[in-house]
Amino acid sequence: MRIDLRSDTVTKPSPGMIKAMMTASVGDDVYKEDPTVNALEDRVADMFGKSKALFFPSGSMANQAAIKLHTNPGDQLICDKYAHVYNYEGGGASFNSGVSCKLLEGHRGMFTADQVLAAINPPDFYHSPLTRLVAVENTTNKGGGACWDFFEIKKIGELCQSNNLGYHLDGARIWNALIAKDETANQYGHMFDSISVCFSKGLGSPVGSILIGDDDFMKDAIRIRKILGGGMRQVGYLAAAANFALDHNLERLKDDHEKAKEIGILLSDLPFIKTVEAVETNIVIFELNASVSEIDFMTALQNSNIHAIGMGGGKLRMVTHLDYTDAMHDHLLKVLEALKF
Ligand SMILES: *Cc1c(COP(=O)(O)O)cnc(C)c1O
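Each value, and the rule that gives it
- Residues numbered from 1 in each chain as written.
- Predicted model: local features only at pLDDT ≥ 70, side-chain atom pairs only at ≥ 80, totals over all residues.
- Heavy atoms only, no water.
- Helix = DSSP H or I, 4+ residues; strand = E, 2+ residues; numbered from the N terminus.
- Buried < 20%, exposed > 50% of the residue type's maximum accessible area, 1.4 Å probe, protein only.
- Contact = heavy atoms within 4.5 Å.
- Pairing = 2+ DSSP bridges.
- Axes fitted to C-alpha atoms, helices over the stretch in contact; angles between N-to-C directions.
- Near = heavy atom within 4 Å.
- Polar contact = N/O pair within 3.5 Å; in protein donor to acceptor, adjacent residues only side chain to side chain.
- Areas by Shrake-Rupley, 256 points an atom, 1.4 Å probe, with all protein chains shown as cover.
- Lys, Arg positive; Asp, Glu negative; His and termini not counted.
- Salt bridge = Lys/Arg side-chain N within 4 Å of Asp/Glu carboxyl O.
- Phe/Tyr/Trp six-rings, centres within 6.5 Å; stacked < 30°, edge-to-face > 60°.
- Domains from an automatic or database assignment.
- Buried area = accessible area lost by both parts, 1.4 Å probe.
- Nonpolar A, V, L, I, M, F, W, Y, C, P; charged D, E, K, R; others polar.
- Parallel < 35°, antiparallel > 145°, perpendicular 65-115°, else oblique.
- Core = buried A, V, L, I, M, F, W, Y, C linked by side-chain atoms within 4.5 Å.

**Observations regarding the environment of M298**
Here is step 1 of the chain: Positionally, M298 belongs in helix α14 (residues 294–303).
Here is step 2 of the chain: On the accessibility criterion, M298 (13% relative accessible area) is buried.
Here is step 3 of the chain: Between the C-alpha atoms of M298 and G109, which are 189 residues apart in sequence, the distance is 26 Å.
Here is step 4 of the chain: Not counting residues up to four positions away in its chain, the partners in contact with M298 are A308, I309, G310 and L316.

Here it is, written out as structure tokens:
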């Protein structure tokens, strides 16, 4: 039994999802003639209380399109030093949009309105890049699945409004935050100018993300998507998977959260573990004692066919997901408990 906890992206479509995909009605989405994609875009726009949504092949491309739509070359965006848009999109912000990132020293990938205020360059001081955009990530990836305090999100939103800045949410795992904190998509739509969401993380779709915004913001989104090479044809097969995921895999995220919590509790009791970050959703980040080598630990896990991932800086990560079953969970807890270093 292979237990793959490297990421929640390792899931494979369930038989029900495959059936939904195989029976989807499709058309050429570059002509906007794919009924399944169009219906999914309407559904998701509606969930978030926005007027428009556009399907993308990846979360990175959806984020990159949003950055492009919000900025001009030479501008600057404000984000956390852990931000996916800064760390894990191949330098896309500078490559695609010619913008720089002002990095904030946040806590687990989250920052405060006061930090944002201090980071805004005065617009008439032409020596500095023009601050145009604030990007927030919820849940935070590198921050270990932590959820923002909605009150802070709101305060930053008000700041963006009064300073004429765009406000983007990288919501690749917003679903986990909605379930963990009992929040609604609509309340996020209300706050942000643009939101990207992924179907290929916790929701278990094979491919697919969506960018959401109002008509005026989204007017050029389809052009940018085309430029980035993201115009796809009979992509309703993928939209059908996303649609199925929204119907069947949203509420069950709480099972992933429950299992992650149990892993966190067990890890924090093990003598060779130094710290476990607070588990809020489906990501567990932990550190070994200095006396235990990361390689030895990972090898011991691999010998039991358990796969975690290193995050750099001595941090290790396990992520629970749809294909991580109760039987795997029981087995993992037993293996962890029996480890000796
Ligand atoms: C996974 C992820 C993305 C998008 O990743 P893709 O692999 O390009 O779909 C964006 N932001 C965050 C926070 C993520 O976790």
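Now that the structure is up, let's keep going.
**Here's the deal with the sheet that holds strand β8 (residues 209–213)**
Sheet strands pair by backbone hydrogen bonding; their relative direction is either parallel or antiparallel.
Here is step 1 of the chain: Ordered by their spatial adjacency, seven strands build an open sheet running β2-β8-β7-β6-β5-β3-β4, and the pairing between neighbours is mixed. Of all strands in the sheet, those bounded by a partner on one side alone are β2 (52–56) and β4 (100–104). Across the sheet, the mean angle separating the axes of adjacent strands is 20 degrees when strand polarity is ignored.
Here is step 2 of the chain: Its contacts with the sheet put helix α2 (residues 35–47) on β2 and β8, and the angle it makes with β2 is roughly 130 degrees.
Here is step 3 of the chain: Taken strand by strand, helix α7 (residues 150–162) contacts β5 (131–137) and β6 (166–171), and its axis lies near 145 degrees from that of β6.

**Observations regarding the site of the ligand**
Here is step 1 of the chain: Of all residues adjacent to the ligand, which total 13 residues, the nearest are G59, S60, D170, R173 and K201.
Here is step 2 of the chain: D170 is positioned such that a nitrogen or oxygen atom in its side chain is 2.6 Å from a nitrogen atom of the ligand.
Here is step 3 of the chain: Contact with the protein chains hides 84% of the accessible area of the ligand, taken as 380 Å² for the molecule alone.
Here is step 4 of the chain: Here the shell around the ligand takes three residues from helix α3 (residues 59–70), the largest share from any one element.

**Side note on the side chain of T139**
Here is step 1 of the chain: On the secondary structure map, T139 appears in the loop between β5 and α7.
Here is step 2 of the chain: The buried category is assigned to T139, whose relative accessible area is 3%.
Here is step 3 of the chain: In this structure T139 touches G145, A146, C147, R173, I174, N176, A177 and T281, once residues within four positions along its chain are discounted.

**Overview of the side chain of D34**
Here is step 1 of the chain: Following the sequence through the fold, D34 ends up in the loop between α1 (15–22) and α2.
Here is step 2 of the chain: Buried and unpaired, D34 has no salt bridge, with K32 as the nearest side chain of opposite charge at 8.1 Å.
Here is step 3 of the chain: Looking at D34, its side chain comes within polar contact range of the main-chain nitrogen of G27, at 3.1 Å.

**What about the packing of aromatic side chains?**
Here is step 1 of the chain: The tally for this structure, following the rule as stated, stands at ten aromatic pairs.
Here is step 2 of the chain: Measuring from centroid to centroid gives 6.1 Å for F272 and F297, while their planes differ by 55 degrees, and the two rings are tilted. On the criterion of sequence distance, the pair formed by F272 in the loop between α13 (253–269) and β9 (273–276) and F297 in helix α14 is long-range, its members being 25 residues apart.
Here is step 3 of the chain: Under the relative-accessibility criterion, F297 is labelled buried at 0%.
Here is step 4 of the chain: Three or more aromatic residues joined by ring pairs form one cluster here, namely F150, Y167, Y188 and F192.

**As for the domain arrangement of the protein chain**
Here is step 1 of the chain: Here the protein chain is described as being made up of domain 1 (14–248) and domain 2 (252–338).
Here is step 2 of the chain: Measuring from the centre of the C-alpha atoms in domain 1 to the corresponding centre in domain 2 gives 28 Å.
Here is step 3 of the chain: Opposite the 20 residues of domain 1 that make contact, domain 2 presents 15 residues.
Here is step 4 of the chain: Of the roughly 1,400 Å² buried at the junction of domain 1 and domain 2 (both faces included), carbon and sulfur atoms supply 50%.
Here is step 5 of the chain: Where domain 1 meets domain 2, there are two salt bridges.
Here is step 6 of the chain: For E277, the salt bridge goes to R108, with nearest N and O atoms at 3.4 Å.
Here is step 7 of the chain: In this structure, the connection of domain 1 to domain 2 is made through seven residue pairs in polar contact (both at pLDDT 80 or more).
Here is step 8 of the chain: The element best represented in the side of domain 1 that touches domain 2 is helix α8 (residues 174–181), accounting for four residues.
Here is step 9 of the chain: Considered class by class, the residues forming the side of domain 1 that touches domain 2 number seven nonpolar, ten polar and three charged.

**So, unusual backbone geometry**
Here is step 1 of the chain: The amide bond that connects N138 to the next residue, T139, takes the cis arrangement and shows omega of -5 degrees.
Here is step 2 of the chain: You will see that R108, though not glycine, has its phi angle at about 50 degrees, which is positive.
Here is step 3 of the chain: Position of R108 among the secondary structure elements: in the loop between β4 and α6 (113–119).

**Section: the packing of α8 against α13**
Here is step 1 of the chain: Axis separation between α8 and α13 bottoms out at 9 Å; the angle between their running directions is 80 degrees. With respect to α13, the element α8 is oriented roughly perpendicular. Contacts from W175, N176, I179 and A180 of α8 reach α13 at L253, K254 and H257.

**Topic: the nonpolar core**
Here is step 1 of the chain: Counting residues in hydrophobic clusters, the biggest one holds 54 residues, and the most contacted among them are W175 and F199.
Here is step 2 of the chain: Looking at this core element by element, the count peaks at seven residues for helix α12 (residues 236–248).
Here is step 3 of the chain: Once you skip the residues sitting within four places of it in the chain, F199 turns out to touch L40, V44, F55, W175, G204, S205, G208, S209, I210, A242 and L246.

**Notes on the pattern of salt bridges**
Here is step 1 of the chain: Scanning all chains against the criterion turns up 18 salt bridges.
Here is step 2 of the chain: The partner of R2 in a salt bridge is D4, with the nearest N and O atoms 3.3 Å apart.
Here is step 3 of the chain: By relative accessible area, which is 43% here, R2 ends up partly exposed.
Here is step 4 of the chain: A salt bridge links D214 to K50, with the nearest nitrogen and oxygen atoms 3.8 Å apart. Placement of D214 in the loop between β8 and α10 (215–218) and of K50 in the loop between α2 and β2 is noted, with a sequence separation of 164 residues between them.
Here is step 5 of the chain: K50 sits in the buried class, given a relative accessible area of 12%.
Here is step 6 of the chain: Several salt bridges converge on common partners, so that one network encompasses D29, K32, E41 and R225.

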